[in-house]
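So you can see what is in the structure, the chains are spelled out below.
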Amino acid sequence: MTTDILTMTERSESTKLSPDYVRISAAAAMELGLKPGRLHRCNCGCINLLQNYPEGCFANCSYCGLARERPGIAELNSFIRVDWPLYPTPLVAEKIAEREANGGVGRVCIAQVQDGRANEDLLTMTKMVHDAAPEVPISALITATLMDREILAEIKEAGADIIGIGMDAANEEVFYNTRGKGAKGPHDWDYHWEITYIAREMYGPYRVNCHIIIGLGETDKDLVNVFYKCKKDQISAYLFSFNPEPGTAMQDLERQPIDRHRRIQLVKQLIEKNRLPREAIEFDENGFISHVGSPLKEVDKAIEEGDAFMTDGCPDRDGVMACNRPCGSYRPGEEYRDYPFKPNSKDLELIRKEMQLSDIITA
Ligand code: SF4
Ligand code: SF4
């Protein structure tokens, strides 16, 4: 019975294509009043939208619920349908304009997938949102494989002020195995970086970001290298957390331990905000952080501020982090990986316990 209903829904959704239709994160749908419900402890600062095509995505990233060759397609589709409901794009644009007039929208993000229609549709969708709510800043989360200099310029012209790039992997080998030829996917590490630097030149300092996932098989050293590389070139590095999706090739891989996640969040903060020098971080023979040479007082301050443990994401028009992605890296009821709000003193107490900092930082 359930399967029949799902199949009918799937059939109906496979005809509702972008640019006329768009998927929206459940949190953003609630924020716009398209879906009932309230978020626990926070608002949703960014309206995250995703293109919809019947095939999902023609790329084949091993960890992604939209991948071309994912096994267990029915369960997977149900995951996407529940978390990313589908609406007509003009209705979503209208709701964004309404929300902007009644309290404001931090940012809108339009995410591409790998599809022959995706560039043209991204331009159309960006214009649709920009025309409806010209003051709302827009990020285009692009598929670098589809990009070139001309299209990047057209996206800017259509109204986007930030380019997001799903680099995802923190080193070339992990990229090859999870997104490139090793996963029968179209993506190329060097081309992703080439597009990142072209976008950086066109959009300006910190108007381009790389999504980096912790937990795909990289070492701490790989992550630290990417953080320093991005910082040097004024590109934002945004940390995401691997969370196994049912039905994907990596569904059985464990998430990385929470102590590792917390330490990486803290070290990233020390690198980006406290100018921690590269040589202050030591690694063991497996490439994991063994010692951080930072004064305890500074470390304590960075923890107490709490920002290090919040979601990494694009800012609103005042420079305050907008893309907080509630439930983006954890399920309701699970521990937070990245907090979509400022952690309070009780949260910080837990974070300190999770981090087991005394192993890597000594007084
Ligand atoms: S390109 Fe993006 S949407 Fe497509 S399979 Fe890879 S991660 Fe998923
Ligand atoms: S950080 Fe958020 S708003 Fe920025 S590109 Fe990524 S998903 Fe989009």
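Residues numbered from 1 in each chain as written. Chains lettered and ligands numbered in written order. Predicted model: local features only at pLDDT ≥ 70, side-chain atom pairs only at ≥ 80, totals over all residues. Heavy atoms only, no water.

**Q** Could you clarify how one ought to interpret the overall build of the chain in this entry?
**A** For the chain, the helix and strand inventory stands at twelve helices and ten strands. If you line up the chain on its principal axes, its C-alpha atoms span 60 × 45 × 45 Å. Split into buried and exposed, the 363 residues of the chain put 56% on the buried side. Carbon and sulfur atoms form 51% of the exposed surface of the chain, whose accessible area is close to 16400 Å². (Helix = DSSP H or I, 4+ residues; strand = E, 2+ residues; numbered from the N terminus. Buried < 20%, exposed > 50% of the residue type's maximum accessible area, 1.4 Å probe, protein only. Areas by Shrake-Rupley, 256 points an atom, 1.4 Å probe, with all protein chains shown as cover.)

**Q** Teacher, can you tell me more about the pattern of salt bridges here?
**A** Here the idea is simple: oppositely charged side chains can pair when their charged atoms come close. Per the counting criterion, the structure on display carries 23 salt bridges. Between Arg 68 and Glu 69 there is a salt bridge, with its nearest N and O atoms 3.4 Å apart. A relative accessible area of 34% means that Arg 68 is categorised as partly exposed. Given the relative accessible area of 43%, Glu 69 is considered partly exposed. (Salt bridge = Lys/Arg side-chain N within 4 Å of Asp/Glu carboxyl O.)

**Q** Can you walk me through the packing of helix H9 (residues 220–232) against helix H10 (residues 258–274) in this structure?
**A** One can describe the packing of H9 onto H10 by two numbers: an axis separation of 10 Å at closest approach and a directional angle of 25°. Viewed along their axes, H9 and H10 adopt a mutual orientation that is roughly parallel. For H9 against H10, the interelement crossing comes out right-handed. When H9 is examined against H10, the residues Asp 220, Leu 223, Val 224, Phe 227, Tyr 228 and Lys 231 are found in contact with a partner set consisting of Arg 260, Ile 264, Val 267, Lys 268, Ile 271 and Glu 272. When the residues that make up the contact of H9 with H10 are grouped by side-chain class, the tally is seven nonpolar, no polar and five charged. (Axes fitted to C-alpha atoms, helices over the stretch in contact; angles between N-to-C directions. Parallel < 35°, antiparallel > 145°, perpendicular 65-115°, else oblique. Left-handed = near helix turned anticlockwise from the far one by under 90°. Contact = heavy atoms within 4.5 Å. Nonpolar A, V, L, I, M, F, W, Y, C, P; charged D, E, K, R; others polar.)

**Q** Help me out: how do you make sense of the site of ligand 1 in this one?
**A** All residues in the neighbourhood of ligand 1 are listed as Cys 57, Ala 59, Cys 61, Cys 64, Leu 66, Ala 67, Arg 179 and His 187. Here the shell around ligand 1 is built from residues that sort into six nonpolar, one polar and one charged. (Near = heavy atom within 4 Å.)

**Q** I keep staring at the site of ligand 2 and nothing clicks. Help me out?
**A** Around ligand 2 sit Cys 46, Asn 48, Cys 109, Ser 139, Gly 164, Asn 209, His 211, Tyr 238, Gly 313, Cys 314, Cys 323 and Arg 325, and those are all the residues in its vicinity. Only strand E2 (46–51) and strand E7 (208–214) provide two or more residues apiece to the shell around ligand 2. By residue class, the composition of the shell around ligand 2 is five nonpolar, six polar and one charged.

**Q** What exactly am I supposed to notice about the environment of Phe 227 here?
**A** Relative to the assigned elements, Phe 227 resides in helix H9. On the basis of relative accessible area, Phe 227 is assigned to the buried category, the value being 1%. Leaving out residues up to four positions away in the same chain, Phe 227 has contacts with Ala 237, Leu 239, Ile 264, Lys 268 and Ile 271.

**Q** It is not clear to me how the pairing of strand E5 (residues 138–142) should be interpreted in this structure. Could you clarify?
**A** Residues in a regular strand point their side chains to alternate faces of the sheet. Among the five residues that make up E5, five are buried, leaving the element largely enclosed by the rest of the structure. Side chains of E5 alternate between two faces, with Ile 138, Ala 140 and Ile 142 and Ser 139 and Leu 141 buried alike. Sheet analysis places strand E4 (residues 107–111) next to E5, joined by four bridges and oriented parallel. Bridge assignment links Val 108 to a residue of E5, and that residue is Ile 138. In the classification by handedness, the crossover that spans E4, the intervening helix H5 (residues 118–132) and the parallel E5 is right-handed. Relative to strand E6 (residues 162–168), E5 runs parallel, the two being bridged by four bridges. Bridge pairing in E6 links Ile 142 to Ile 165. (Pairing = 2+ DSSP bridges. Right-handed = clockwise from strand over helix to strand, strands pointing away.)

**Q** Explanation requested: the side chain of Asp 168 in the structure shown.
**A** Tracing the backbone shows Asp 168 in strand E6. Buried within the structure, Asp 168 lacks any salt-bridge partner; Arg 179 is the closest side chain of opposite charge, at an N-O distance of 4.1 Å. At a separation of 2.6 Å, a polar atom in the side chain of Asp 168 contacts the side chain of Tyr 63. (Lys, Arg positive; Asp, Glu negative; His and termini not counted. Polar contact = N/O pair within 3.5 Å; in protein donor to acceptor, adjacent residues only side chain to side chain.)

**Q** Mind showing me how you'd approach the nonpolar core here?
**A** In summary, soluble globular proteins display a tendency toward joint burial of nonpolar side chains. Ranked by internal contacts, the top residues of the largest apolar core, which has 96 residues, are Ile 24, Ile 96, Val 108, Ile 142, Leu 152, Ile 155 and Ile 163. Residue contributions to this core peak at seven residues, all from helix H8 (residues 189–203). Each residue touching Ile 163, except ones within four places of it in the same chain, is listed here: Ala 140, Ile 142, Leu 152, Ile 155, Ala 199, Tyr 203, Arg 207, Val 208 and Asn 209. (Core = buried A, V, L, I, M, F, W, Y, C linked by side-chain atoms within 4.5 Å.)

**Q** I would appreciate a short explanation of the side chain of Arg 107 in the present structure.
**A** Tracing the chain through its elements places Arg 107 in strand E4. Within polar-contact distance, the side chain of Arg 107 engages the side chain of Ser 139 at 2.9 Å. Reaching out from Arg 107, the side chain makes a polar contact with the side chain of Asp 161 at a distance of 2.9 Å.

**Q** Would you take a moment to explain the sheet that holds strand E8 (residues 236–241) for this structure?
**A** Adjacent strands of a sheet form backbone hydrogen bonds with each other and so pair up, either parallel or antiparallel. On the basis of which strands lie adjacent, the open sheet formed by eight strands has the order E3-E1-E2-E4-E5-E6-E7-E8 and mixed pairing. A strand with exactly one partner marks an edge of an open sheet, and here the two such strands are strand E3 (86–88) and E8. With strand direction ignored, the average angle separating the axes of adjacent strands in the sheet is 30°. With respect to the sheet, H8 is in contact with E5, E6 and E7, its orientation differing from that of E6 by roughly 160°.

That is the geometry; function is a separate question.
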